[in-house]
Amino acid sequence: MEPGLDIINRLCTDVLGHMHLCYLIIDKSGAVRRWGGNLSDLRLPVPEMGNPVSDTVLFMNGILPLQGNSMEFSCIKQSADISLDAHLFKIEDGYALIIWDASEKEAMLTQTQQ
């Protein structure tokens, strides 16, 4: 594994583990090339190398190719008890997608909007 990916994996699992953070590296065609972090905690299936990212993360269907440099997603319902925030951005060979648990954020927003 590349040193940079070791650092990202450590951040996802140890430092920011309470946020149930995960990442996916996606090539320019939209195929998953690498991943790491807490996919199972977010109720995301383990991707299959080379399959479209939308097979793993449904909200990515039709998003690629990205028109700008980045795109943010907020409070996307993954299941009855999990909401996700995500940040998609361009990298040299494609895209990086970082996803984390937004359930607490959604609960707070729901309370303040009532």
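Residues numbered from 1 in each chain as written. Predicted model: local features only at pLDDT ≥ 70, side-chain atom pairs only at ≥ 80, totals over all residues. Heavy atoms only, no water.

Is there a simple way to think about the sheet that holds strand β2 (residues 32–37) in this case?
Note: strands within a sheet are paired through backbone hydrogen bonds, in either parallel or antiparallel orientation. Read from one edge of the open sheet, five strands run β2-β1-β5-β4-β3, paired in antiparallel fashion. A single partner strand is all that each edge strand has here, and the edge strands are β2 and β3 (70–79). Shown here is a sheet whose adjacent strand axes are inclined to one another by a mean of 20 degrees, direction ignored. Two elements, strand β4 (residues 82–91) and strand β5 (residues 94–101), share eight bridges in a ladder whose sense is antiparallel. By the bridge assignment for β5, K90 is matched with Y95. (Pairing = 2+ DSSP bridges. Helix = DSSP H or I, 4+ residues; strand = E, 2+ residues; numbered from the N terminus. Axes fitted to C-alpha atoms, helices over the stretch in contact; angles between N-to-C directions.)

Looking at this structure, I do not really get the pattern of salt bridges. What am I missing?
Working definition: two side chains of opposite charge can pair if their charged atoms are close together. This structure, assessed with the given rule, holds two salt bridges. Notably, a salt bridge pairs R33 with D27, separated by 2.7 Å at the nearest N-O pair. The exposure class of D27 is buried, given its relative accessible area of 14%. The partner of R43 in a salt bridge is D81, and the shortest N-O contact between them spans 2.9 Å. Of the two residues, R43 sits in the loop between β2 and β3 while D81 sits in the loop between β3 and β4, which places them 38 residues apart along the sequence. (Salt bridge = Lys/Arg side-chain N within 4 Å of Asp/Glu carboxyl O. Buried < 20%, exposed > 50% of the residue type's maximum accessible area, 1.4 Å probe, protein only.)

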